[in-house]
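Reading the structure
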Amino acid sequence: MTLTADNPASIPTATQAASRFSRPRFAVLVALGVYPLITGLLYLIFPLTDGWLLWQRTLLIVPIMVTTMVWGLIPGVQKHFRGFLNPQS
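Every value quoted in this text rests on a predicted model; they were computed, and no experiment measured them.

What counts and what doesn't
- Residues numbered from 1 in each chain as written.
- Predicted model: local features only at pLDDT ≥ 70, side-chain atom pairs only at ≥ 80, totals over all residues.
- Heavy atoms only, no water.
- Helix = DSSP H or I, 4+ residues; strand = E, 2+ residues; numbered from the N terminus.
- Buried < 20%, exposed > 50% of the residue type's maximum accessible area, 1.4 Å probe, protein only.
- Contact = heavy atoms within 4.5 Å.
- Areas by Shrake-Rupley, 256 points an atom, 1.4 Å probe, with all protein chains shown as cover.

This brings us to the overall build of the protein chain. For the protein chain, the count of helices and strands is four helices and zero strands. Ordered by position in the sequence, the α and β elements of the protein chain form the string α-α-α-α. When burial is assessed residue by residue, the protein chain has 18% of its 89 residues classed as buried. Counted over contacts in the protein chain with a minimum sequence separation of 6, partners at least 24 positions apart contribute 61%. Split by element, the accessible area of the protein chain, about 6,900 Å² in all, is 68% carbon and sulfur.

This is the structure in structure tokens:
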């Protein structure tokens, strides 16, 4: 879609232009959420998989971790920290 005077909806407002998504802030928040999640999973999974090789434990943990991040952690961070992640320029 091109920006034209014919289509006022295509012209960004001052609020849209003044707000920028902060990747460094997002990365810090995700890291703060991932650390306790992966630590808890390791404490839970390691005793149950005593004697397994590392790659086998990882194969079990990764789907749990990815599912939790995609449907829980990341949407939660984006929802609850919207103002912090999209600071005004």
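Time to look at the environment of Ser19. Note that Ser19 resides in the loop between helix H1 (14–18) and helix H2 (23–48). With a relative accessible area of 25%, Ser19 lands in the partly exposed category. For the pair Ser19 and Asn86, spaced 67 residues apart in sequence, the C-alpha separation works out to 5.6 Å. Setting aside residues no more than four positions away along its own chain, Ser19 makes contact with Asn86, Pro87, Gln88 and Ser89.

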